[in-house]
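The primary structure of each chain is shown beneath.
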Amino acid sequence: MNQPLRLVLVLHNHQPIGNFDGVFEQSYQDSYLPFLNVFERYEGLKIGLHTSGSLMEWLDARHPEYVDRLANLVAAGRIEIVGGPFFEPIMTMIPSRDRVGQITSYTDWLQRRMGAKVRGMWMPERVWEQSLTGDIVRAGIEYTILDDFHFKNAGLGEEQLDGYYVTEEDGCILRVAPGSEKLRYTIPFQPPQDTIEYLRGVAERRPGAVVFFGDDGEKFGTWPGTREHVYDRGWLTQFFDALQHNSDWIKLTTPSEAFDNVAPLGKVYIPEGSYREMVEWALPASRINQFEDSKHELEHHGQWDMIKPFVRGGYWRNFKVKYPETNEMYARMQMVSRRLQEMVDDGAAGDLIDQARLELYRGQCNCSYWHGAFGGVYLPHLRNAVYQKLIAANNLLDQYENRGWQADQQPWVEISSADYNLDGRPEVKIASNRLLGLVSPAEGGQLYELDVKSICHNLLATLARRQEAYHRAVLRGPSVDGENVSSIHDRVVFKQEGLNERLGYDRWQRNSLVDHFFAADADLAAVSQGRAEEQGDFVLAPYEAKLRRNDGRVQVQLSRTGFVQGRQVKLTKGITLNAGDSTLEIAYLLENVPSDIGLHFAPEFNFAGLPSGADDRYFSGAHGHRLGQLGHQLDLQGMTQLSLTDEWLGISVHLKFDQPAAIWTYPVETVSQSEGGFELVHQSCAVLPHWTVIPDAEGRWSMTMRMTVDTQMAESRMPQWAEAAAV
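Residues numbered from 1 in each chain as written. Predicted model: local features only at pLDDT ≥ 70, side-chain atom pairs only at ≥ 80, totals over all residues. Heavy atoms only, no water.

Draft legend 1. How the structure looks around the packing of helix α16 (residues 324-345) against helix α18 (residues 380-400). Put simply, α16 and α18 touch, their axes get as near as 10 Å, and they point 25 degrees apart. Relative to α18, α16 is oriented roughly parallel. Along this stretch, α16 crosses α18, giving a crossing that reads as left-handed. Seen from α16, the contacting residues are Glu325, Glu328, Met329, Arg332, Met333, Val336, Arg339, Leu340 and Met343; seen from α18, they are Arg383, Val386, Tyr387, Leu390, Ala393, Asn394, Leu397, Asp398 and Tyr400. Counted by class, the contact of α16 with α18 contains 11 nonpolar, 1 polar and 6 charged residues. (Axes fitted to C-alpha atoms, helices over the stretch in contact; angles between N-to-C directions. Helix = DSSP H or I, 4+ residues; strand = E, 2+ residues; numbered from the N terminus. Parallel < 35°, antiparallel > 145°, perpendicular 65-115°, else oblique. Left-handed = near helix turned anticlockwise from the far one by under 90°. Contact = heavy atoms within 4.5 Å. Nonpolar A, V, L, I, M, F, W, Y, C, P; charged D, E, K, R; others polar.)

Draft legend 2. Local environment of helix α1 (residues 21-40). Here α1 spans 26 Å end to end across 20 residues, near enough to the 28 Å set by a 1.5 Å rise per residue. At Tyr28, α1 shows its maximal bend, which comes to roughly 45 degrees. The complete set of buried residues in α1 reads Phe24, Ser27, Tyr28, Asp30, Ser31, Tyr32, Leu33, Pro34, Phe35, Leu36, Val38 and Phe39. (Expected span 1.5 Å × (residues − 1). Bend = angle between axes of the 7 residues up to and from the residue. Buried < 20%, exposed > 50% of the residue type's maximum accessible area, 1.4 Å probe, protein only.)

Draft legend 3. Up close: unusual backbone geometry. Look at the link from Ile187 to Pro188: it is a cis peptide, with omega at 0 degrees. By secondary structure assignment, the location of Pro188 is in the loop between α7 (181-186) and α8 (192-205). Backbone geometry places Asn402, a non-glycine residue, at a positive phi of 60 degrees. With respect to the helices and strands, Asn402 occurs in the loop between α18 and β10 (413-418). The exposure class of Asn402 is exposed, given its relative accessible area of 57%.

Draft legend 4. Expanded view of the environment of Asn2. Tracing the sequence through the fold places Asn2 in the segment before β1 (5-13). Distance in space between the C-alpha atoms of Asn2 and Gln193 is 22 Å, their sequence separation being 191 residues.

Draft legend 5. Spotlight on the sheet that holds strand β14 (residues 457-458). Strands sit in the order β10-β11-β12-β13-β14 across an open sheet of 5 strands; the sheet is antiparallel. Taken across any chain shown, the strands that pair with only one partner, and hence form the sheet edges, are β10 and β14. Of the pairings in the sheet, the one linking strand β12 (residues 435-440) to strand β13 (residues 446-452) comprises 6 bridges and is antiparallel in character. Within the sheet, the bridge partner assigned to Ser440 lies in β13 and is Gln446. (Pairing = 2+ DSSP bridges.)

Draft legend 6. Representation of the pairing of strand β18 (residues 567-578) within the structure. Among the 12 residues that make up β18, 9 are buried, leaving the element largely enclosed by the rest of the structure. Here 12 bridges tie strand β17 (residues 553-564) to β18, and the two strands are oriented antiparallel to one another. Looking across to β18, one finds that Val564 is bridged to Arg567. In terms of strand pairing, β18 meets strand β19 (residues 583-591) through 8 bridges, oriented antiparallel. Bridge pairing in β19 links Leu577 to Leu584.

Draft legend 7. The arrangement of the packing of α1 against helix α2 (residues 53-62) in detail. Here α1 crosses α2 at 85 degrees, and the two axes come no closer than 11 Å. As the angle between them shows, α1 and α2 are arranged roughly perpendicular. For the pair α1 and α2, the contacting residues are Asp21, Phe24, Glu25, Tyr28 and Tyr32 in the first and Ser54, Leu55, Trp58, Leu59 and Arg62 in the second. Split into classes, the residues belonging to the contact of α1 with α2 amount to 6 nonpolar, 1 polar and 3 charged.

Draft legend 8. Quick peek at the packing of aromatic side chains. Counted by the stated rule, this structure contains 37 aromatic pairs. Between Phe212 and Phe259 the ring centres are 5.7 Å apart and the planes differ by 25 degrees, which places this aromatic pair in the stacked class. Of this pair, Phe212 sits in strand β8 (residues 210-216) while Phe259 sits in helix α11 (residues 255-261); the two residues are 47 residues apart in sequence, bridging distant segments of the chain. Note on Phe259: relative accessible area 4%, which makes it buried. Between the aromatic rings of Phe319 and Tyr323, the centroid separation amounts to 6.4 Å while the plane-to-plane angle is 10 degrees, which identifies the pairing as stacked. Of the two residues, Phe319 and Tyr323, both sit in the buried class. Counting every residue linked through ring pairs, the aromatic cluster contains Phe517, Phe538, Tyr543, Tyr588, Phe601, Phe657, Trp691 and Trp701. Over the face of the ring belonging to Phe538 we find Arg560, whose NZ or CZ atom lies 5.1 Å from the ring centre. Here Lys573 stacks its cationic end above the ring of Tyr543, 4.8 Å away from the centre of that ring. (Phe/Tyr/Trp six-rings, centres within 6.5 Å; stacked < 30°, edge-to-face > 60°. Lys NZ or Arg CZ within 6 Å of the ring centre and 35° of its normal.)

In structure tokens form, the structure reads like this:
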């Protein structure tokens, strides 16, 4: 062959903010290190390598020798470092200023640490919108790699993807390359010769073609079974041997070498999208099942391949609709980003501002903002980590303004109203130097975020139980070894027994101050399983909000006249916060309460980030006696206080009532999909104090509680805690 085929291999290595240290280390030992060990031996081969900033920071701290080896290969011209946004955000999710800032700050880091000349970028999760082009180019990037699926959505055929294109937006020119879906499935899962034969067909069809492969480096050792396949059984060695053996017509090259030596095939404008699986996951659960059924039907009749190029699935941004909890994270991130930019516009600068910006960027890491084949939003430690970074950024901005949470700072309190969750309706922010709460009057007057500033923890980073498309596979039960299933995707692996019996769905988000009226005979089992009949119409209904301000004290008063058992009742609840305080005073007043029926009132609380299954995480009563681990179901009577303690996190939440309450507690657990199978995941602790309402002579009933967040344990070991949190 006169003109060699150029093959561009680009690996993408990533671990998200908040992932466990052991997962980082295991991935390093199983994938990143052994790949480098093999690759170094093949002096004639070249690749592109993208490592996300969250992983690179960890590598530089824990295994700097690995980063040094990469730098040596960069200097030798064998590895081209592919840049991108520092902490792997979905680019369409963050403001334009943060897109440019994330990219340029990571480019600077890579240049300082590794001597890398960064010309291209990895597009996180390949989520693309054409309007990104200008920001990418303004950040100094010349090219990116998407999936060939993007180009097929633009109307190009398979035979038109043996090279790269240019795209443009507002006069900014960007080179875009189609990563081969075919190679994503042959590398490393099929024998190396299958890849060679595919490339041979391309080379024969179009001499001088360029074929791009861009995919996860974790496929080479971290994914289940791949370490044995890729290294122990020698797949990677065989693959590199095959490339060298065919080097007379396959030229393995870096991305920039390909772009510098081959002309573009033309210009293309690419519709919004991602890789094929991602856009399917973005659909509502019922639509995913309809799609899968239709696809199988068309495959059965031999028609799928004809229609496949025109099927695009859903839209990534709708993950924020599918999982409203991710929208709350997103909106909180936008709040921090806006505040930072407003302060910078007013002249703020210096180390605290730079640190706040970096924490904001970390809080934009994409993995907990969506869900597909892996845990994503269902993993509490990833959600908690995002909030930890966002709250840390906000704390640094407070500190810059001398409004920090520390004891030596001047105490303050404030209340305001704006559209904080970006739903077109006003929410209320109630904040002090110790706490920050967000309330949604339009949705039941619920408290949907409560930030504990001293430990950078959102006690309401919860997740509701909702239907997923894969739950119909769970309902079939686990696959039996040897059972005849049509493909590996039809196998059902349970990581715990009986998951098909643990499915349950919530009708509201797992917030706090969710105002229930249950039947008199409602019990813990019915409530925990979501079977208890709702006799009032307050849970998701809009409340009227009034904001009150006094010296050193603020309150939001929420009121609504609704119906319980067909009878009109007025409910008013107030949330009060004092300057420098870590206590929310919560008062309820019911008016026009009928005396001939006993209303059963139960305001629901949920507390997130306090895991179950450990003896140092427990409930306790008024005198400190322990009542069980936080994952336990409790049915308590005559309680004036209930505390939830997490000694590892260093926090206790104390609920105190001015009149004795019965209390139900239970864990909120989801059945979700992960790479190892289906698993039960603890999402929050539900706590429901409840009373049989006996009105006074004027038809009124009232109750006051105090919710105190105590972080003395954490603060007493703050240097150690801060060090651990930083890692």
